[in-house]
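Chain by chain, the residues run as shown.
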Amino acid sequence: MRIILLGAPGAGKGTQADSIKAKYPVAHISTGDMLRFHVKQETELGKNAKAYMDAGKLVPDDVIIAMMEHRLQEEDAKEGFMLDGFPRTIAQAEALDAMLSKLQLKLDAVVNLMIDDDTVVGRLTSRRVCRQCGEIYNTVLKPSSKEGVCDKCGGEVVQRDDDKEEVIRKRLSVFHEQTAPLIDYYSNQGLLVAVDATGGKDAVLKILEQKKANA
Ligand code: ADP
Ligand code: ZN
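Residues numbered from 1 in each chain as written. Chains lettered and ligands numbered in written order. Predicted model: local features only at pLDDT ≥ 70, side-chain atom pairs only at ≥ 80, totals over all residues. Heavy atoms only, no water.

### Structural notes on the overall build of the chain
In step 1: Along its length, the chain carries nine helices and eight strands.
In step 2: Taken across its 215 residues, the chain has 44% of its residues classed as buried.
In step 3: Considering only intrachain contacts with a sequence separation of at least 6, the fraction spanning at least 24 residues in the chain is 71%.
In step 4: Here the chain has roughly 11400 Å² of accessible surface; of this, 50% comes from carbon and sulfur atoms.
In step 5: Computed over 30 positive and 33 negative side-chain charges, the inter-centroid distance for the chain is 3 Å. (Helix = DSSP H or I, 4+ residues; strand = E, 2+ residues; numbered from the N terminus. Buried < 20%, exposed > 50% of the residue type's maximum accessible area, 1.4 Å probe, protein only. Contact = heavy atoms within 4.5 Å. Areas by Shrake-Rupley, 256 points an atom, 1.4 Å probe, with all protein chains shown as cover. Lys, Arg positive; Asp, Glu negative; His and termini not counted. Charge placed at Lys NZ, Arg CZ, Asp CG, Glu CD.)

### Some points on the coordination of the zinc ion (ligand 2)
In step 1: Of the protein atoms, only C130 (SG), C133 (SG), C150 (SG) and C153 (SG) coordinate the zinc ion (ligand 2), at distances of 2.3 to 2.4 Å.
In step 2: Coordination at the zinc ion (ligand 2) is tetrahedral, judged from the four donor atoms that bind it and the angles of 98 to 115° they form at the metal.
In step 3: Mapping the donors of the zinc ion (ligand 2) onto the primary sequence yields the spacing C-x2-C-x16-C-x2-C. Taken together, the residues C133 in the loop between β5 (127-130) and β6 (136-138) and C153 in the loop between β6 and β7 (157-158) connect sequence positions 20 residues apart. (Donors = N, O, S within 2.8 Å, 3.2 Å for Na, K, Ca; no water. Tetrahedral: all angles 85-135°; square planar, octahedral: opposite > 155°, others 65-115°.)

### Focus: the packing of aromatic side chains
In step 1: Enumeration over the complete set of coordinates arrives at one aromatic pair.
In step 2: Judged by centre distance (5.0 Å) and plane angle (85°), the ring pair of Y185 and Y186 falls under edge-to-face. In this structure, Y185 and Y186 share a single accessibility class: buried.
In step 3: Over the face of the ring belonging to Y137 we find K142, whose NZ or CZ atom lies 5.2 Å from the ring centre. (Phe/Tyr/Trp six-rings, centres within 6.5 Å; stacked < 30°, edge-to-face > 60°. Lys NZ or Arg CZ within 6 Å of the ring centre and 35° of its normal.)

### Quick look at the nonpolar core
In step 1: Counting residues in hydrophobic clusters, the biggest one holds 29 residues, and the most contacted among them are I29, M68, F81, L83 and Y186.
In step 2: Of all elements in the fold, only β1 (2-7), β2 (27-30), α2 (31-41), α3 (44-54), α4 (61-71), β3 (81-84), α5 (90-102) and α8 (181-188) reach the threshold of two or more residues within this core.
In step 3: Ranked by residues supplied to this core, first place goes to α5 with five residues.
In step 4: Not counting residues within four places of it along the chain, the set of residues in contact with I29 comprises M34, M68, R71, L72, A77, F81, M82, L83 and D84.
In step 5: Counting 26 residues, the second-largest nonpolar core is a separate cluster that includes L5, A109, V193 and A203. (Core = buried A, V, L, I, M, F, W, Y, C linked by side-chain atoms within 4.5 Å.)

### Considerations on α3
In step 1: Listed in full, the buried residues belonging to α3 are G46, A49 and M53. What you see down the axis of α3 is that its buried residues fit within an arc of 75°, all on one side. Across from the buried face of α3, at angles greater than 90 degrees, the exposed residues are E44, K47 and A51. (Arc of directions from axis to C-beta.)

### Let's talk about the site of ligand 1
In step 1: Taken together, 19 residues surround ligand 1, and among them T31, R36, K57, G85 and R171 come closest.
In step 2: Take V59: an N or O atom from its main chain is 3.1 Å from a nitrogen atom of ligand 1.
In step 3: The backbone of G85 places a nitrogen or oxygen atom 2.9 Å from a nitrogen atom of ligand 1.
In step 4: Relative to its unbound accessible surface of 550 Å², ligand 1 loses 96% to contact with the protein.
In step 5: Broken down by element, the shell around ligand 1 gets its largest block of residues, four residues, from α2.
In step 6: For the shell around ligand 1, the residue count by class is seven nonpolar, four polar and eight charged. (Near = heavy atom within 4 Å. Polar contact = N/O pair within 3.5 Å; in protein donor to acceptor, adjacent residues only side chain to side chain. Nonpolar A, V, L, I, M, F, W, Y, C, P; charged D, E, K, R; others polar.)

### Comments concerning helix α9 (residues 203-214)
In step 1: The terminal C-alpha atoms of α9, which comprises 12 residues, lie 17 Å apart, in line with the 16 Å expected from a rise of 1.5 Å per residue.
In step 2: Here α9 has its buried residues at A203, V204, L205 and L208.
In step 3: Next to the buried residues of α9 lie β1, α1 (13-23), β4 (109-114) and β8 (192-196). (Expected span 1.5 Å × (residues − 1).)

### Regarding the side chain of Q92
In step 1: Here Q92 is to be found in helix α5.
In step 2: Residue contacts for Q92: discarding those within four places in its chain leaves D61, I64, I65, F86 and P87.

### Topic: unusual backbone geometry
In step 1: In this structure, P87 follows F86 across a cis peptide bond, with omega equal to -5°.
In step 2: Along the polypeptide, P87 turns up in the loop between β3 and α5.
In step 3: In the Ramachandran plot, E42 falls in the positive-phi region, its phi being about 55° despite a non-glycine side chain.
In step 4: Assessed through its relative accessible area of 60%, E42 is described here as exposed.
In step 5: For Q104, which is not glycine, the phi torsion reads 55° and is therefore positive.
In step 6: Its location among the elements puts Q104 in the loop between α5 and β4.
In step 7: Exposure remark for Q104: the relative accessible area of 73% places this residue in the exposed category.

Here's what the structure looks like:
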């Protein structure tokens, strides 16, 4: 299975990916996670990317495309993958098409996780994350048992710098301007599958299974 999870920040791409992974053990490739890893390790790439990320802007296409060219050639990606947070611009989508045709691979589906902006703002301002293991919490829906402390690893649970309301609004406008055009792009390729992002954590998995059953 090779799919792309498309959707606004806060649509829940990561959550849907976890649910799909439990059923189909394919590589979950999140450019956001990869970038945060680089930032944490203070690599050259990370130092470069951090200012863009903190401002809610996109990291330049050439940086992302080079990173993904490497990632897609790793062993685990051969069995299939879920792309989470990539592509985010038409230039990235075109580069991905070129990478896939070189590797002689085809996409099965592009999932459009639909959600409105106000729901996103509500969701993301209440999101918290473990600094150590990456576990996601929510101050309303899923608080850690002890405030500020991860249930899984005891690490510090914090708000991501880019989950502050101002930055979220900026990320949403970037999404509408630069990423939303991908909906038409993949719709024209006959790959788009629309899913209501408020339909629960297995929403995408359910639709993929239906699609498979009907194929
Ligand atoms: P979300 O989907 O919640 O916005 P991500 O974790 O996917 O967050 O991404 C966090 C940040 O990393 C983005 O705001 C952006 O700065 C950067 N980023 C992630 N993926 C890409 C990408 N494909 N192209 C450019 N920037 C990216
Ligand atoms: Zn943790």
